[in-house]
Amino acid sequence: QLFVFYDILSQVYFKEARELLGPEAWEKDYDSMLQLCSKEAQARFITGDIEIMEVLIEEVLSKDIVPITDKFAAFEVKIRAAVGENRFDEAISMSLEVRKKLGLRAPANKPASKFTVLKEYIKTNRIVN
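Reading guide: rules and limits
- Residues numbered from 1 in each chain as written.
- Predicted model: local features only at pLDDT ≥ 70, side-chain atom pairs only at ≥ 80, totals over all residues.
- Heavy atoms only, no water.
- Helix = DSSP H or I, 4+ residues; strand = E, 2+ residues; numbered from the N terminus.
- Contact = heavy atoms within 4.5 Å.
- Areas by Shrake-Rupley, 256 points an atom, 1.4 Å probe, with all protein chains shown as cover.
- Lys, Arg positive; Asp, Glu negative; His and termini not counted.
- Charge placed at Lys NZ, Arg CZ, Asp CG, Glu CD.
- Expected span 1.5 Å × (residues − 1).
- Buried < 20%, exposed > 50% of the residue type's maximum accessible area, 1.4 Å probe, protein only.
- Arc of directions from axis to C-beta.
- Patch = residues over 30% accessible without salt bridge, like charges linked within 9 Å, V, L, I, M, F, W, Y side chains within 5 Å.
- Salt bridge = Lys/Arg side-chain N within 4 Å of Asp/Glu carboxyl O.
- Core = buried A, V, L, I, M, F, W, Y, C linked by side-chain atoms within 4.5 Å.

Caption draft 1: Main features of the overall build of the protein. Per the secondary structure count, the protein includes seven helices and zero strands. Projecting the C-alpha coordinates of the protein onto the three principal axes gives extents of approximately 50 × 35 × 20 Å. Looking at the protein alone, contacts between residues at least 24 apart form 45% of all its contacts between residues at least 6 apart. Approximately 8,700 Å² of the protein is accessible, and the part contributed by carbon and sulfur atoms is 57%. Of the side chains in the protein, 19 bear a positive and 21 a negative charge, and the two mean positions are spaced by 11 Å.

Caption draft 2: Local environment of the side chain of Glu40. Turning to its location among the elements, Glu40 is positioned in helix H3 (residues 30–47). Discounting chain neighbours no more than four positions away, the residues touching Glu40 are Gln11, Phe14, Lys15, Arg18, Ile52 and Leu56.

Caption draft 3: Structural detail: helix H6 (residues 88–101). Taking 1.5 Å of rise per residue, the 14 residues of H6 would be expected to cover 20 Å, and the 20 Å separating its terminal C-alpha atoms lies within 8% of that figure. Listing the buried residues of H6 in full gives Ala91, Met94, Val98 and Arg99. For H6, the angular spread of buried residues about the axis comes to 140°, placing them on one side. Summarising the geometry of H6, the exposed residues directed more than 90 degrees from the buried face are Asp89 and Lys100. Where H6 is buried, its residues contact helix H5 (68–84) and helix H7 (114–128). At the C-terminal side of H6, Gly103 shows a positive phi close to 90°.

Caption draft 4: Examining the environment of Leu21 more closely. Summarising the element assignment, Leu21 is placed in helix H1 (residues 2–21). With 12 residues separating them along the chain, Leu21 and Met33 place their C-alpha atoms 8.2 Å apart. Non-local contacts of Leu21, meaning those with residues more than four positions away in its chain, are made with Lys28, Asp29, Ser32, Met33 and Leu36.

Caption draft 5: Up close: H3. In this model H3 runs 26 Å from its N-terminal to its C-terminal C-alpha over 18 residues, within 8% of the 26 Å that 1.5 Å per residue would give. Those residues of H3 that sit buried are Tyr30, Met33, Leu34, Leu36, Cys37, Ser38, Glu40, Ala41, Ala43 and Arg44. Positive backbone phi, at 85°, marks Gly48, one or two positions downstream of H3.

Caption draft 6: Main features of the side chain of Glu120. Among the structural elements, Glu120 can be located in helix H7. Taking relative accessible area as the criterion, Glu120 reaches 10% and is therefore assigned buried. Look past the residues within four positions of Glu120 in its chain and what remains in contact with it is Arg99 and Arg105.

Caption draft 7: Summary view of unusual backbone geometry. At Asn86, a position not held by glycine, the phi torsion is positive, near 60°. Residue position: Asn86 is located in the loop between H5 and H6.

Caption draft 8: The arrangement of a nonpolar patch on the surface in detail. Side chains of Leu118, Tyr121 and Ile122 sit close together on the surface and give an oily, nonpolar patch of about 300 Å² of accessible area. Here Tyr121 lies in helix H7.

Caption draft 9: Structural detail: the nonpolar core. The biggest cluster of nonpolar side chains holds 21 residues, and the ones touching the most others in it are Trp26, Met53, Ile57 and Val60. Listed by contribution, the elements that provide at least two residues to this core are helix H2 (25–28), H3, helix H4 (50–62) and H5. The biggest single contributor to this core is H4, with six residues. If near-sequence neighbours (up to four positions away) are discounted, Met53 is found in contact with Ala41, Arg44, Phe45, Val77 and Ala81.

As structure tokens, then:
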């Protein structure tokens, strides 16, 4: 319960910080806006405020100035939300889309060994980190 309280409180701070940066925040302070939107989206997901979470994610994903590697955190929250709502096919499709955008080939549509899954996870993680 304490964890959820901190996430609710953090939402207020994230929103205030974004408002303080103003209407041209993405152009003035790209790094801060990216972090604020991504972290607030994650906090909104944890507290179940999916509607605002989706708005924040779309704000990040719709910015042409944001490279795909910086969009990864927003995609991750979006994929987790889909899994949390039992939309597994959509989560898999989004995951494959992100891999393609990162320049990684999509794995074949067949069962994969644990080793293959781990190897592909490491490849993806290296690109985004």
